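Listed below, chain by chain, are the residues.
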Amino acid sequence: DAMVIQNPRYQVTQFGKPVTLSCSQTLNHNVMYWYQQKSSQAPKLLFHYYDKDFNNEADTPDNFQSRRPNTSFCFLDIRSPGLGDAAMYLCATSRAFETLAKNIQYFGAGTRLSVL
Amino acid sequence: ELKVEQNPLFLSMQEGKNYTIYCNYSTTSDRLYWYRQDPGKSLESLFVLLSNGAVKQEGRLMASLDTKARLSTLHITAAVHDLSATYFCAVDPSGGYQKVTFGIGTKLQVIP
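Nothing here was measured: the structure is a model prediction, and the numbers come from that model. (Residues numbered from 1 in each chain as written. Chains lettered and ligands numbered in written order. Predicted model: local features only at pLDDT ≥ 70, side-chain atom pairs only at ≥ 80, totals over all residues. Heavy atoms only, no water.)

Looking at the state of the cysteines
Taken as a whole, this structure holds two disulfides over all chains when the rule is applied. One disulfide bridge connects C23 of chain A with C91 of chain A, the sulfur atoms lying 1.9 Å from each other. Here the disulfide of C23 of chain A and C91 of chain A is left-handed, its torsion about the S-S bond being about -70°. One end of the pair, C23 of chain A, is in strand β3 (residues 19–25); the other, C91 of chain A, is in strand β9 (residues 87–94), and 68 residues separate them in sequence. For C23 of chain A, a relative accessible area of 0% translates into the label buried. Residue C91 of chain A is classed as buried on the basis of its relative accessible area, which comes to 0%. Each sulfur of the disulfide joining C23 of chain B and C89 of chain B lies 2.0 Å from the other. An S-S torsion of about 80° defines the bridge between C23 of chain B and C89 of chain B as right-handed. Here C89 of chain B lies in strand β9 (residues 85–91) and C23 of chain B lies in strand β3 (residues 19–25), a separation of 66 residues in the sequence. For C23 of chain B, a relative accessible area of 0% translates into the label buried. Its sulfur unpaired, C74 of chain A is 6.1 Å from the next cysteine sulfur, which belongs to C91 of chain A. (Disulfide = S-S within 2.5 Å. Helix = DSSP H or I, 4+ residues; strand = E, 2+ residues; numbered from the N terminus. Buried < 20%, exposed > 50% of the residue type's maximum accessible area, 1.4 Å probe, protein only.)

See the structure below:
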């Protein structure tokens, strides 16, 4: 059973038209992450939530925002998508300071965003 | 700034052969992860290495960690076509917070 669920799997938007990507989890993990992965590149961390505390990476553009209304859900908002924002967006969760043997991130299937 | 380097970036090998992927990182860390990604798919956790000298094996894959050398290896034994994928290492210097930095990935192609 899927534990980290991302919707939609594919999203097409127009240049400059706001878009929201969704992530939900059934693991009750306290940390949720958003990564951007462009073709043939490594995933790049955009930001993460530690419980309700939002932590933005220094080089994440202001165009990217996030919301976490409760433990289970996290949203990625792209206010004005540009052509360079076309990528796979991955959501992941973990339990901070978990016992070492369980110290892993669980990834969702990703949302592939196209910008026309 | 933490840097994570993988090599080779691309690996084409015949079935039945052995090979090793290397992951070097620049900052002290005792947590390293290996992930697999199939084309167009998400990341699948393969191994978690949590201490110097750690060795984990699953099927034809074996991962090890040398924290003193800041080096991890992913060894492939008798490769099969199903292992074709991109393999990422990721380093977590945050002490259990999981704020990882990924290497650029090694694209493995196993030729029948």
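Back to the write-up after that little detour.
A look at the interface of chain B and chain A
The interface is formed by 21 residues belonging to chain B together with 27 residues belonging to chain A. Both sides together, the interface formed by chain B and chain A hides about 1,900 Å², and carbon and sulfur atoms give 57% of it. Viewed at the interface, chain A and chain B are joined by zero salt bridges. Where chain B touches chain A, the interface holds two residue pairs in polar contact (both at pLDDT 80 or more). Contributing elements (two or more residues each) for the side of chain B that touches chain A: β4 (32–37) and β5 (43–49) of chain B. Grouping the amino acids of the side of chain B that touches chain A by side-chain chemistry returns 10 nonpolar, eight polar and three charged. (Contact = heavy atoms within 4.5 Å. Buried area = accessible area lost by both parts, 1.4 Å probe. Salt bridge = Lys/Arg side-chain N within 4 Å of Asp/Glu carboxyl O. Polar contact = N/O pair within 3.5 Å; in protein donor to acceptor, adjacent residues only side chain to side chain. Nonpolar A, V, L, I, M, F, W, Y, C, P; charged D, E, K, R; others polar.)

Concerning unusual backbone geometry
Cis geometry is adopted by the peptide bond preceding P8 of chain A, which originates at N7 of chain A and carries an omega value of -15°. Inspection of the secondary structure assignment puts P8 of chain A in the loop between β1 (4–7) and β2 (10–13). Despite not being glycine, D51 of chain A shows a phi value in the positive range, around 55°. For D51 of chain A, a relative accessible area of 40% corresponds to the partly exposed category. Positive phi is not limited to glycine here, since A78 of chain B has a value of about 50°. Summarising the element assignment, A78 of chain B is placed in the loop between β8 (71–76) and β9.

Here we look at a nonpolar patch on the surface
On the surface, L9, F10 and I104 of chain B cluster together into a nonpolar patch covering about 290 Å² of accessible area. One can find L9 of chain B in the loop between β1 (4–7) and β2 (10–14). (Patch = residues over 30% accessible without salt bridge, like charges linked within 9 Å, V, L, I, M, F, W, Y side chains within 5 Å. Areas by Shrake-Rupley, 256 points an atom, 1.4 Å probe, with all protein chains shown as cover.)

Remarks on the sheet that holds strand β8 (residues 73–78) of chain A
Residue and element names in this part refer to chain A. In spatial order, the strands read β1-β3-β8-β7; together these four strands make up an open sheet with antiparallel pairing. Only two strands of the sheet have a single partner each, and these edge strands are β1 and β7 (64–67). For this sheet the average axis-to-axis angle between neighbouring strands, irrespective of direction, equals 20°. (Pairing = 2+ DSSP bridges. Axes fitted to C-alpha atoms, helices over the stretch in contact; angles between N-to-C directions.)

Details of the environment of H81 of chain B
Residues and elements named next belong to chain B. Within the element layout of this structure, H81 appears in the loop between β8 and β9. Sequence-wise, H81 and E15 are 66 residues apart; in three dimensions their C-alpha atoms are separated by 6.6 Å. Setting aside its immediate chain neighbours within four residues, H81 contacts E15, V110 and P112. Here the side chain of H81 touches V110 through a polar contact of 3.0 Å, landing on its backbone oxygen.

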